[in-house]
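Chain by chain, the residues run as shown.
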Amino acid sequence: MASSAQALARALDGLDPETRQALARALERGEVELEGGGWGSVDDGSGCLLSLAAWELGLERGESLMRRSVAAVQVPALFDAWWDEVLTREGDVVRTRRTVREALGEMLFRGLAAPRDELPRGESAAADGLAAACDDGAVGAQEESGREAARP
């Protein structure tokens, strides 16, 4: 059985890119504290993952993001379960916030910056094509200037 952290990481991977990026920005800025067990509010200065992402996108409520994907529906419950585990282990809200923020940053970074060998074949081929197009542009510029370009 997967741990609650692994289940949350999978759900975060399933969020749409805009929501993931908004969440990553909100966590990086750190203006609002993470809190499990409820949606939170900007006035209180704390909220759950979807609330942080929603506020970053200019939305009032985290629930607004739940229409975007099944993963967005799963995130609040998975986050709350994981928050409870970390809070029980750490025994202190301040340490829990720090631990959770660091772990979430790693989860989001890993998902946003997947290594090339982990990309689906179509994306890798597109990236290779882009690199080749950039190389051809450099060769074309050399040919236009009157220099002979060596082709591999």
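Residues numbered from 1 in each chain as written. Predicted model: local features only at pLDDT ≥ 70, side-chain atom pairs only at ≥ 80, totals over all residues. Heavy atoms only, no water.

Could you clarify how one ought to interpret the overall build of the protein chain in this entry?
When helices and strands are tallied, the protein chain shows six helices and three strands. Going residue by residue from the N terminus, the α and β elements of the protein chain occur as α-α-β-β-β-α-α-α-α. The 152 residues of the protein chain split such that 32% are buried. When the accessible surface of the protein chain is summed, it comes to about 9300 Å², and 51% of that surface belongs to carbon and sulfur atoms. (Helix = DSSP H or I, 4+ residues; strand = E, 2+ residues; numbered from the N terminus. Buried < 20%, exposed > 50% of the residue type's maximum accessible area, 1.4 Å probe, protein only. Areas by Shrake-Rupley, 256 points an atom, 1.4 Å probe, with all protein chains shown as cover.)

What am I meant to see in the nonpolar core here?
Counting residues in each nonpolar core, the largest one holds 30 residues, and the members touching the most others are Leu12, Leu34, Leu49, Phe79 and Leu104. Mapped onto this core, the elements with two or more residues apiece are α1 (4-14), α2 (17-29), α3 (49-56), α4 (70-90) and α5 (93-112). It is α4 that contributes the most residues to this core, seven residues altogether. Other than its neighbours up to four places away in sequence, Phe79 contacts Leu8, Leu34, Glu35, Gly36, Cys48, Leu49, Val100 and Leu104. (Core = buried A, V, L, I, M, F, W, Y, C linked by side-chain atoms within 4.5 Å. Contact = heavy atoms within 4.5 Å.)

For this particular structure, what's the right way to read the packing of α2 against α3?
Helix packing for two helices is described by the angle between their axes and how far apart those axes are. At a minimum axis separation of 8 Å, α2 and α3 run at an interaxial angle of 95°. Taken together, the axes of α2 and α3 are roughly perpendicular relative to one another. Contact residues: Thr19, Ala22, Leu23, Arg25, Ala26, Leu27 and Arg29 in α2; Leu49, Leu50, Leu52, Ala53 and Glu56 in α3. In terms of residue class, the contact of α2 with α3 is made up of eight nonpolar, one polar and three charged. (Axes fitted to C-alpha atoms, helices over the stretch in contact; angles between N-to-C directions. Parallel < 35°, antiparallel > 145°, perpendicular 65-115°, else oblique. Nonpolar A, V, L, I, M, F, W, Y, C, P; charged D, E, K, R; others polar.)

Mind showing me how you'd approach the environment of Leu15 here?
By secondary structure assignment, the location of Leu15 is in the loop between α1 and α2. Each C-alpha atom of the pair Leu15 and Val70 lies 8.2 Å from the other, and the pair is 55 residues apart in sequence. In this view, Leu15 contacts Arg20, Ser69, Ala71, Ala72 and Val75; residues no more than four positions away in its chain are not counted.

I would appreciate a short explanation of the pattern of salt bridges in the present structure.
Once their charged atoms are close, side chains differing in charge can pair, the charge on each being opposite to the other. Within the structure shown, the criterion is met by 11 salt bridges. Note that Glu35 and Arg97 form a salt bridge whose closest N and O atoms lie 2.4 Å from each other. With Glu35 in the loop between β1 (33-34) and β2 (40-41) and Arg97 in helix α5, this pair connects stretches of sequence that are 62 residues apart. Between Arg95 and Glu90 there is a salt bridge, with its nearest N and O atoms 3.8 Å apart. Residue classification places Arg95 among the partly exposed residues on the basis of a relative accessible area of 36%. Several salt bridges share partner residues, and in doing so they unite Arg25, Arg29, Glu31 and Glu56 into one network. (Salt bridge = Lys/Arg side-chain N within 4 Å of Asp/Glu carboxyl O.)

What's the story with the packing of aromatic side chains in this structure? I'm lost.
What describes a pair of aromatic rings is the distance from one ring centre to the other and the angle between the planes of the rings. Enumeration over the complete set of coordinates arrives at one aromatic pair. For the pair Phe79 and Trp83, a centre-to-centre distance of 5.9 Å together with 45° between the ring planes defines the contact as tilted. Of the two residues, Phe79 and Trp83 are both situated in helix α4; the distance of four residues between them amounts to about one turn of the helix. (Phe/Tyr/Trp six-rings, centres within 6.5 Å; stacked < 30°, edge-to-face > 60°.)

What is the right way to look at the sheet that holds β2 in this model?
Strand pairing within a sheet occurs via backbone hydrogen bonds; the two strands may be parallel or antiparallel. Strand order in this open sheet of three strands is β1-β3-β2, and the pairing throughout is mixed. In this open sheet, the two edge strands, each paired with only one partner strand, are β1 and β2. (Pairing = 2+ DSSP bridges.)

Is there a simple way to explain the environment of Gly36 in this structure?
Mapped onto the elements of the fold, Gly36 is located in the loop between β1 and β2. The exposure class assigned to Gly36 is buried, which follows from its relative accessible area of 16%. Spatially, the C-alpha atoms of Gly36 and Ala81 are 8.3 Å apart, while their sequence positions differ by 45 residues. Apart from the residues lying within four places of it in its own chain, the contact partners of Gly36 are Phe79, Asp80 and Trp83.

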